[in-house]
Amino acid sequence: MLEQRQREMRVRNVLGGRVVREHYLREAVPCHSALCTRCTRAGKVLGADLTHFLTPDCTVALHYLEVLELPQLNGLLFTHTAYQHVQHKSRRLYQRLRRLLNSPRSDCVLFANEFQLGAYVDRRPSETHAAWQTRSVYHAAVWYHKHLSKRIPVVMVTVDPAVVEKYGSATEGVYVVPFQVYLESFWPDVPEASEFLGSLHQALITKEVESCRGRKREFAEHLPVDVLEAGIRAGRYIKGTVSMNKHKAHVEAFVQQHRLLSKDTGAWKEFLGWLNHGVWFSSDATLDDVLVLGMKNRNRAIHGDAVAVELLARTEWQGRSLTLGDVGRYDCPQEESHGEPMPTGRVVGILQRNWRDYVAILPPPEEGPTQGRQAQRLLAVPWDFRIPKIRIATTQAAMLQDVRIVVRIDSWDSTSQYPNGHFVRALGKAGDIETEVAAILIERGISVLPFSEAQLREMPTDSPTSPWAVDPKEVAQRRDLRLSHLIFSIDPQGCEDVDDALSIVQCDGLDSTIEMGVHIADVTKFVPPGGPTDLEARSRATTYYFADRRFDMLPSVLSSNLCSLRSGEDRYAFSVLWRLDKETYEVKDVWFGRTVIRSTYKLSYETAQAVLDGGHIEFATEIPELCGTEDEQQVRLGELRDVLNILTDVARAWLCRRTANGGLQLEGSEVRVEFGGVPGTVSGITPKKALEVHETVAECMIGANTWVAQRLFKSLLGCTLLRRHPPPRPELFGPLCNAGESQGFHIDISSNKALSDSLEKTKDHREPLVSHILRILATHAMSNALYCSSASVPQHELTHYGLALPMYTHFTSPIRRYSDILVHRQLLAVLAAENGDFEDSEVMPSGTYLEEICQHLNERTRAAQKAQKDSVDLFQCLFFRDVNPRMEESSTDHRVADALVFAIRANGVLVYMPRFALRGAIFLKDKEGRVASLMADGTCDFRHGCLIHKKHEIVSQPSDGLPFVLRLFDHVTVHISAEQHRAHADTLHVHLLRLEGLNQQGAHPQDTPSRPRDHMVREVQRRAMVDVEQGRSSTVGPPACPLGRESYRQSTGGLYEFLEEFEEIALMEIGKKPLACVIVKEADQPTSQSMESE
């Protein structure tokens, strides 16, 4: 039944008139309840085991939505009336409500009461809009109760006593109660809900009180959004995202532009004037960054906000700060040194706030509350240095001392120096490991709640009484490799989520070929599209790896069991099989398809390398699968060694070809956090040793990803999920070029091939660490690799700069990356379509929908990188903090290390400490203006004097003491210490001890980076020369093969452990870190992460 009603809406304009909107009502509007047997079920439904349904009125939905988001509250029924009220009042809260309704974790639904014939009510004459909204929500609650045959009560919550008085007992089974009373009565075991409600209520009162006061304006008023948008179109304003300088957040920020400038805009003309003043950029230069100096010019913009900026006059432009800044300290050096003038502007309006949950801590009692007589008004100090203090009102200040809390920002008026917010919840005592881990998760926007019952119900059963086994019908539809192929996996020791395996088979016949296989866990067999597990995996997007734990993307029954390619167990797989020429390893044919495999060996990297090198192996502990007599073990070991040797030869050949095509061999050092026997203690921080087998496995994974990308792009031109790596911005190569020039090397950055050749020439330097550091600097200049839809990016921009590939994707890690699950589904759809089976819109999403998913994957991947880095930093600080600091040199003191200078700044130098694979900065001028001085005993102290900053060196000339010169790549001895911050994360600081390195004869053995990749390339080059002499072809590898290291998730060392984290490091002046500064490790990926993944 369909009934049409007309609702009139008068519009004021110069012509007068009336607008009539047609409003259709029908009975077939689903109620989304599992108790209903009449309505069709689509999407989420409220469970049949609930004791009541909860319906908020419009005021509660708008002002107290955050309380309704608590996971303990279930059975939420939002009416369309309340939904529209939130939409019209607050765009930010409307987006939160939409996310809540769409989240598979939340137990809430949206009831379209304004389109249901029985639930809709007309607005009465002279009735206020607010009164009609309240009556509409109540009438919908009554209809819902009756629709379900009065089997379950409905509770409507409000904060208006008049509403309670009017409707409280009007209908039996429908209760209207104050929200506070509801929380105290129905949820007494969730006291944080009532506390949260009180915090929000106090924030609303504070906002109303402040709005009535006449206060001095601290900032300029923001322009209206329509004015900003018109100005952006006209070229007067520039649209971008605010990014604070982490080390000088109080004075320096940048606005990164969202789009290219139109050449006929005023901003473009200003930019051309900038170019004419001698600032070099590429020919297609864009105004990427606009400098914003000071809080006044920032005008209440917070890190991550989308803003509109207005360029200042050219005479007011300034340059970036070139002095070292100390994270968390607001007292800058007395003298600032700046770079070349760059576009400088001021924020004139906010286009979109990016407010989130912030971890903070309350000030100590001696600082006392600010203003207010009842609830204390306090300035909470955020964990993130880039966020300003947030004023909150709370009655729990005494209880929350030294406790990390979560706060949210509500507003920032032009009359207030600080934003106003409210208390959300307490995390725990600052300094506790669990509290700090929780803080990292919240700061990075990561939600890792336990998997729900609905998701676990989707999982197959595998127990001692009911073991899981492959389905014979499913096996019949797959290629069975269990008996025909020697399959093995190579992973870090103790790895549980084994999602890839390898195989080599010598083909019979006269065609002289071998078959190499990459076998990937078939996760899509267990995760149907659109199910609860799929939605949760899409939300998480990746597995989050911390130094001491991991948060899986999939339930453990899949990630550590049924999808993990364990040895000796039958598993479903998705395989790529190449037929290769035995001599040149040229690809003759490739096959993709679903398989059934049984891995024979589960090897660690160290064991696989020992097998290759012929080293001693303890069979019982290292390769338990090698059972039998000693002779049988040796025969099987020889067979395994032959297979690994062939695999290594193939990888060497493919790597050599990729290198010749311009693939980059960038470097870094991954650190391993070693934990002691006592929980929470760290016994060591050591760089991981790079092995040739790491490169071997990585090359096979890169090959699989490349061939899958090419296969998908050929068939799904408009909706292929790809992984592109844009070329880096030329100006970010400045530190690399300067460092290379100091050692007599010219670094050509015109292309990836030119850069690769330039870096190759640095290998023969007398100091091995020079080449290592130069490659690290090149890595820092790289841009982020991004997921994208092939329909949204021109084909020439789909390339992967680092790998020198025209096309790339992620296929090899579906256990820990949702992108790989999508790629598996796309490839399955392509293979099925070739057989005329099906084409499913769910596995072949449209370009627009796929692009939205890619954007989400990029955001979550970046969050995973940052969280992982924060985690390692946390335990690094614990390692250096657990010992009483002593500023003296000792051969046994692990805080004393050799360091190399790799960058010069106006007030200090940046150093690299190979023993711990850490970077840091040494201040040579303190806040009092004193400079470092060389004392008679060889140590350093601060004295009055001056610093002379040059391109490749810095000279300290103290008035008392000996002057000295530090040049690029000089060795020094440093002391590392951990500084504890009450509000922020702890940081590592570096102090200069002596001007000589610890080992004057050269670097320590562990300080010299191993180069298995160089060995692989040179070995192939040697063989190629032999082949040429013998008249054989030197063409090797598949067409358009990748370089470097792909996504083998557990590989260590090399380009792809850090390729994804460089944008932030590169954009913020590589040297802006703290004699004391935050230390940044060169490798942020643990052993369980892949090289190219985040």
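Quick caveat, the model's predicted, so the values are computed rather than measured. (Residues numbered from 1 in each chain as written. Predicted model: local features only at pLDDT ≥ 70, side-chain atom pairs only at ≥ 80, totals over all residues. Heavy atoms only, no water.)

Chemist: Even after reading the chapter, I still don't get the overall build of the protein chain, so can you show me in this structure?
Modeler: A count of helices and strands for the protein chain gives 27 helices and 41 strands. The buried share among the 1094 residues of the protein chain stands at 58%. Of the roughly 45100 Å² of accessible surface on the protein chain, a fraction of 51% belongs to carbon and sulfur atoms. (Helix = DSSP H or I, 4+ residues; strand = E, 2+ residues; numbered from the N terminus. Buried < 20%, exposed > 50% of the residue type's maximum accessible area, 1.4 Å probe, protein only. Areas by Shrake-Rupley, 256 points an atom, 1.4 Å probe, with all protein chains shown as cover.)

Chemist: What is the right way to look at unusual backbone geometry in this model?
Modeler: Peptide bonds are, in most cases, trans, and in most cases residues other than glycine have a negative phi. Residues other than glycine seldom take positive phi values, yet R300 does so here, at roughly 70°. The residue R300 is located in the loop between α11 (294-298) and β11 (306-311) in this model. Exposure remark for R300: the relative accessible area of 5% places this residue in the buried category. In this structure, A541 takes a positive phi of about 75° despite not being glycine.

Chemist: What is the right way to look at the sheet that holds strand β20 (residues 500-506) in this model?
Modeler: Strand pairs in the sheet, formed through backbone hydrogen bonds, run parallel or antiparallel to each other. With mixed pairing, 7 strands are arranged side by side in an open sheet as β18-β25-β24-β21-β20-β19-β26. Unpaired on one side and paired on the other, β18 (479-480) and β26 (601-604) mark the two borders of the sheet. Across 11 bridges, the pairing between strand β24 (residues 570-581) and strand β25 (residues 587-598) is antiparallel. Across the sheet, L580 pairs through a bridge with V587, a residue of β25. Packing against the sheet, helix α17 (residues 605-613) makes contact with β19 (487-491) and β26, and its axis sits at approximately 95° to β26. Sheet strands touched by helix α20 (residues 692-715): β19, β20, β21 (513-521), β24 and β25. Its angle to β24, the strand with the most contacts, is close to 90°. (Pairing = 2+ DSSP bridges. Contact = heavy atoms within 4.5 Å. Axes fitted to C-alpha atoms, helices over the stretch in contact; angles between N-to-C directions.)

Chemist: Quick question: what am I supposed to make of the pairing of strand β9 (residues 252-257) here?
Modeler: On a regular strand, each side chain points to the face opposite its neighbour's, so the side chains alternate between the two faces of the sheet. With 5 of 6 residues buried, β9 lies mostly within the body of the structure. Pairing analysis gives 5 bridges linking strand β8 (residues 238-244) to β9, with the strands arranged antiparallel. The residue bridging S243 from the neighbouring strand is F254, located in β9. Taken together, the 5 bridges between β9 and strand β10 (residues 289-293) define a ladder with antiparallel strand orientation. Paired with F254 across the two strands is L291, which belongs to β10.

Chemist: For this particular structure, what's the right way to read the nonpolar core?
Modeler: In summary, soluble globular proteins display a tendency toward joint burial of nonpolar side chains. With 147 residues, the main nonpolar core has F78, F179 and L924 as its most contacted residues. Per-element accounting of this core gives the leading share, 10 residues, to helix α25 (residues 847-881). By size, the runner-up hydrophobic cluster in this structure holds 88 residues, among which are W578, Y585, A610 and L831. (Core = buried A, V, L, I, M, F, W, Y, C linked by side-chain atoms within 4.5 Å.)

Chemist: Any chance you could explain the sheet that holds β8 here in plain terms?
Modeler: Here 5 strands make up an open sheet; going across it, the order is β10-β9-β8-β11-β12 and the pairing antiparallel. Single-partner strands in this sheet number two, and they are β10 and β12 (345-352). Along the sheet, successive strands turn relative to each other by an average axial angle of 40°, direction set aside. Note: β8 against β11, 4 bridges, orientation antiparallel. Residue I238 lies in a different strand from β11, and its bridge partner there is V309. Sheet strands touched by helix α9 (residues 225-234): β8, β11 and β12. Its angle to β12, the strand with the most contacts, is close to 120°.

Chemist: Just to check I follow, could you spell out the pattern of salt bridges for this structure?
Modeler: Oppositely charged side chains may form a pair once their charged atoms are brought near each other. Scanning all chains against the criterion turns up 54 salt bridges. Connected via shared salt-bridge partners are E66, E69, R96, D357 and R408. (Salt bridge = Lys/Arg side-chain N within 4 Å of Asp/Glu carboxyl O.)

Chemist: What is the right way to read the packing of helix α15 (residues 532-540) against α25 from this model?
Modeler: Relative orientation and spacing of two packed helices are given, respectively, by the angle between their axes and the distance between those axes. It is at 8 Å that the axes of α15 and α25 come closest, and there the two elements cross at 60°. Taken together, the axis directions place α15 and α25 in an arrangement best described as oblique. Here α15 contributes R538, S539 and R540 to the contact with α25, which in turn contributes Y849, H856 and R860. Across the contact of α15 with α25, the residue classes break down as 1 nonpolar, 2 polar and 3 charged. (Parallel < 35°, antiparallel > 145°, perpendicular 65-115°, else oblique. Nonpolar A, V, L, I, M, F, W, Y, C, P; charged D, E, K, R; others polar.)

Chemist: Help me understand the packing of α17 against α20, please; the structure alone is not making it clear to me.
Modeler: Where α17 contacts α20, the axes come no closer than 9 Å and their chain directions differ by 105°. Between α17 and α20, the interaxial angle falls into the category roughly perpendicular. For the pair formed by α17 and α20, the contact residues are Y605, A608 and Q609 on the first element and E692, V693, H694 and V697 on the second. Residues of the contact of α17 with α20, tallied by class, amount to 4 nonpolar, 2 polar and 1 charged.

Chemist: Honestly, the packing of aromatic side chains in this entry has me stumped. Any pointers?
Modeler: Working definition: an aromatic ring pair is given by the centre-to-centre distance plus the angle between the planes. For the structure on display, the rule yields 19 aromatic pairs. Measuring from centroid to centroid gives 6.4 Å for Y64 and F179, while their planes differ by 70°, and the two rings are edge-to-face. Within this pair, whereas Y64 is found in the loop between α1 (58-63) and α2 (65-68), its partner F179 is found in helix α7 (residues 179-186), the two being separated by 115 residues in sequence. With respect to class, Y64 is no different from F179; both count as buried. Ring centres of F219 and W412 lie 5.7 Å apart, and the angle between their planes is 85°; on these two criteria the pair is classed as edge-to-face. (Phe/Tyr/Trp six-rings, centres within 6.5 Å; stacked < 30°, edge-to-face > 60°.)

Chemist: Explain the environment of Q401 here, please?
Modeler: Its place among the elements puts Q401 in the loop between β15 (390-394) and β16 (403-411). Along the primary structure Q401 and I361 are separated by 40 residues, whereas in three dimensions their C-alpha atoms are 7.7 Å apart. Contact partners of Q401, with chain neighbours within four places excluded, come to L362, P363, P364, P365 and R982. At 2.9 Å, the side chain of Q401 and the backbone oxygen of P363 are in polar contact. (Polar contact = N/O pair within 3.5 Å; in protein donor to acceptor, adjacent residues only side chain to side chain.)

Chemist: Would you take a moment to explain the side chain of H422 for this structure?
Modeler: Locating H422 in the fold gives a position in strand β17 (residues 420-429). Polar contacts involving the side chain of H422 include one to the side chain of D410, which spans 2.8 Å. Contacts of H422, omitting those with residues within four sequence positions, involve E66, F196, S199, L200, A203, I392, V406, V407, R408 and D410.

Chemist: Honestly, helix α5 (residues 129-147) in this entry has me stumped. Any pointers?
Modeler: Residue pairs spaced three or four apart in an α-helix point in one direction, given the helix's 3.6 residues per turn. The end-to-end C-alpha separation of α5 is 26 Å, in line with the 27 Å expected for 19 residues at 1.5 Å each. When you tally the buried positions in α5, you get 14 out of 19 residues, the bulk of the element. Of the residues trailing α5, S149 is marked for its positive phi of about 60°. (Expected span 1.5 Å × (residues − 1).)

Chemist: Explain the pairing of strand β32 (residues 908-913) to me, please; I cannot follow it from the model alone.
Modeler: In terms of burial, β32 is largely enclosed, as 6 of its 6 residues are buried. Neither face of β32 is exposed, since G908, L910 and Y912 on one face and V909, V911 and M913 on the opposite face are all buried. For strand β31 (residues 896-905) and β32, the ladder comprises 5 bridges, and the chain directions are antiparallel. The residue bridging A903 from the neighbouring strand is L910, located in β32. Hairpin remark: β31 followed by β32, antiparallel, with 2 residues in the connecting loop. Sheet analysis places β32 next to strand β33 (residues 918-923), joined by 6 bridges and oriented antiparallel.

Chemist: What exactly am I supposed to notice about the environment of D497 here?
Modeler: Structurally, D497 is set in the loop between β19 and β20. Given a relative accessible area of 2%, D497 falls into the buried group. A sequence separation of 69 residues divides D497 from R566, and the C-alpha atoms of the two residues are 8.9 Å apart. Side chain to side chain, D497 and Y545 meet in a polar contact 3.0 Å long.

Chemist: How should the confidence of the model for the protein chain be read in this particular structure?
Modeler: Atom-level detail of predicted coordinates should not be read off regions where pLDDT is low. Across the protein chain, the average pLDDT comes to 82, with 82% of residues at or above 70. Below a pLDDT of 50 lies the segment residues 259-287, which in the model reaches 41 contacts outside its immediate sequence neighbourhood of four places, other chains included. Considering only residues more than four positions removed or in separate chains, one finds that residues 1000-1010, a stretch of pLDDT under 50, has 14 contacts. (pLDDT = per-residue confidence, 0-100.)

Chemist: How should I be thinking about helix α12 (residues 433-443) in this particular structure?
Modeler: Burial of α12 is extensive: 9 of the 11 residues sit out of reach of the surface. Those residues of α12 not exposed but buried are I433, T435, E436, V437, A439, I440, L441, I442 and E443. G445 occupies a position one or two residues after α12 and carries a positive phi of about 65°.

Chemist: Teacher, can you tell me more about the state of the cysteines here?
Modeler: Each disulfide is one covalent bond, formed between the sulfur atoms of two cysteines. One pass over the structure, following the stated rule, counts 0 disulfides. In this structure C788 is not part of a disulfide, and its nearest cysteine sulfur, from C854, lies 6.3 Å away. (Disulfide = S-S within 2.5 Å.)

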